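Each chain is listed here by its residues.
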Amino acid sequence: MTELEKLYEEIRNCHKCRLAESRTNAVPGEGPEDAQIMFIGEAPGFHEDRQGRPFVGAAGRFLDQLLESIGIKREEVYICNVIKCRPPGNRDPLADEIKACAPYLDRQIEIIKPRLIVTLGRFSLAKFLPKASISKVHGQLIRVGDLTCYPVFHPAAALHQPRWKSAVEEDFRRIPEILKQLDKLEIEDETKAKQLSLFGL
Ligand code: URA
């Protein structure tokens, strides 16, 4: 068993919070262990809970479209959520649920070592930048320790709000260029990335 498979086993057997009682399936996440990009959503919804896979409902179809629009295959990227079990009725995750689940996401980040973390929505952004407002920082590259985060609006929210839909489409369009830039920045000058985080790319 790989480290990642062991982690998935643990998540499927987890009883650290109340969501274990109401879930059909835990949704650990999916994607290759050597993925360059990690997309982190909020929590599984109805379809994810049924299938045990992340982003397979309406928001997932939109995420697939966004990826396709920038020439990236879903199978190439890693996709997971801040919390691994569906909150009843898709309510917001509670603070104690996020806290109980946090070590799982930390270990996923350690194992995958993504070059770029795309946070989908405010709960995912809050993991890295608890005080940031998504309306202000979406579309900006931000270094958090040794991680590089790129916050965007959540695809589900964007589906209901035309303004956010075009913002998320535009932010996605820059991902291929960001990946290219990251190469240069890592080789030439780490501090440039820090500067870029102030202005966006
Ligand atoms: N929304 C999320 O945040 N995650 C999913 O897996 C599905 C919908």
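All values reported here derive from a predicted model rather than from experimental measurement. Counting restarts for each chain, with residues numbered from 1 along the sequence as it is written. Only residues with pLDDT of at least 70 are given local features in this predicted model, and only at 80 or more are side-chain atom pairs given and counted; all residues enter the totals for whole chains, interfaces and linings. Side-chain numbers come from the whole structure's heavy atoms, not from hydrogens or water.

S.K.: Which residues make up the packing of helix H1 (residues 3-12) against helix H5 (residues 95-112), and what values do they have?
M.R.: For helices, the fitted axis covers only the stretch in contact; all axes are lines through C-alpha atoms, and the angles between them, taken along N-to-C directions, range from 0 to 180 degrees. Helix numbers and strand numbers start at the N terminus; a helix is a DSSP run of H or I with at least 4 residues, a strand a run of E with at least 2. Running from amino to carboxyl end, H1 crosses H5 at an angle of 170°, the nearest separation of the two axes being 10 Å. Taken together, the axes of H1 and H5 are roughly antiparallel relative to one another. For the pair H1 and H5, the contacting residues are Glu3, Leu4, Leu7, Tyr8, Glu10 and Ile11 in the first and Tyr104, Arg107, Gln108, Ile111 and Ile112 in the second. Counted by class, the contact of H1 with H5 contains seven nonpolar, one polar and three charged residues. Here the angle decides the label: under 35 degrees means roughly parallel, over 145 means roughly antiparallel, 65 to 115 means roughly perpendicular, and every other value means oblique. Every residue pair with non-hydrogen atoms within 4.5 Å of one another is taken to be in contact. Any residue outside Ala, Val, Leu, Ile, Met, Phe, Trp, Tyr, Cys, Pro, Asp, Glu, Lys and Arg is labelled polar, Gly included; the first ten of those are nonpolar and the last four are charged.

S.K.: Talk me through the pattern of salt bridges; I want residue IDs and the actual numbers.
M.R.: Note that side chains of opposite charge can pair when their charged atoms are close. By convention in these notes, a salt bridge is any Lys or Arg side-chain nitrogen within 4 Å of a carboxyl oxygen on Asp or Glu. One pass over the structure, following the stated rule, counts 13 salt bridges. Between Asp106 and Lys127 there is a salt bridge, with its nearest N and O atoms 2.7 Å apart. Remark: Lys127 occurs in helix H6 (residues 122-128) and Asp106 occurs in helix H5; sequence separation between them is 21 residues. When a residue's accessible area, from a 1.4 Å probe over protein chains only, is under 20% of the maximum for its type it is buried; when over 50% it is exposed; and in between it is partly exposed. Judged by its relative accessible area of 29%, Lys127 falls in the partly exposed class. Taken together, the salt bridges that share partners define one network made up of Arg18, Arg91, Asp96 and Glu97.

S.K.: Residue-level account of the site of the ligand, with values.
M.R.: All residues in the neighbourhood of the ligand are listed as Gly41, Glu42, Ala43, Glu48, Pro54, Phe55, Asn81 and His154. One of the backbone nitrogen or oxygen atoms of Glu42 is found 2.7 Å away from an oxygen atom of the ligand. For this analysis, a polar contact is any N or O atom pair within 3.5 Å, provided that within protein one partner can donate a hydrogen and the other can accept it, and provided that sequence-adjacent residues contribute only side-chain to side-chain pairs. With respect to the ligand, the backbone of Phe55 contributes an N or O atom lying 3.0 Å from an oxygen atom. Accessibility throughout is a Shrake-Rupley quantity obtained with a 1.4 Å probe, and a residue counts as covered only by protein chains that appear here. Protein burial of the ligand: of its 240 Å² of free accessible surface, 92% is covered by the chains. Looking at the shell around the ligand residue by residue, the classes come out as three nonpolar, three polar and two charged. We define proximity as follows: a residue is near a molecule or strand when any one of its heavy atoms falls within 4 Å of that partner.

S.K.: Provide a residue-level description of the environment of Arg53, including the pertinent values.
M.R.: Residue placement: Arg53 occurs in the loop between helix H3 (46-51) and helix H4 (58-69). The partly exposed category is assigned to Arg53, whose relative accessible area is 35%. The sequence separation of Arg53 and Ile79 amounts to 26 residues, and the corresponding C-alpha distance is 9.2 Å. Those residues in contact with Arg53 that sit more than four places away from it in its chain are Val27, Glu30, Glu48 and Arg74.

S.K.: Can you explain the sheet that holds strand S2 (residues 78-81)? Please cite residues and give values.
M.R.: Paired strands are those between which DSSP finds at least two bridges. In spatial order, the strands read S2-S1-S3-S5-S4; together these five strands make up an open sheet with mixed pairing. The sheet terminates laterally at S2 and strand S4 (142-144), the two strands that pair on one side only. Strand after strand, the sheet turns through a mean of 30° between neighbouring axes, direction not considered. Where strand S1 (residues 37-41) meets S2, four bridges bridge the pair, whose relative direction is parallel. By the bridge assignment, Met38 is partnered in S2 with Tyr78. Strand contacts of H5: S1, S2, strand S3 (116-120) and strand S5 (147-152), with the helix running at about 165° to S2, the strand carrying the most contacts.

Shape descriptors only; they carry no functional weight alone.
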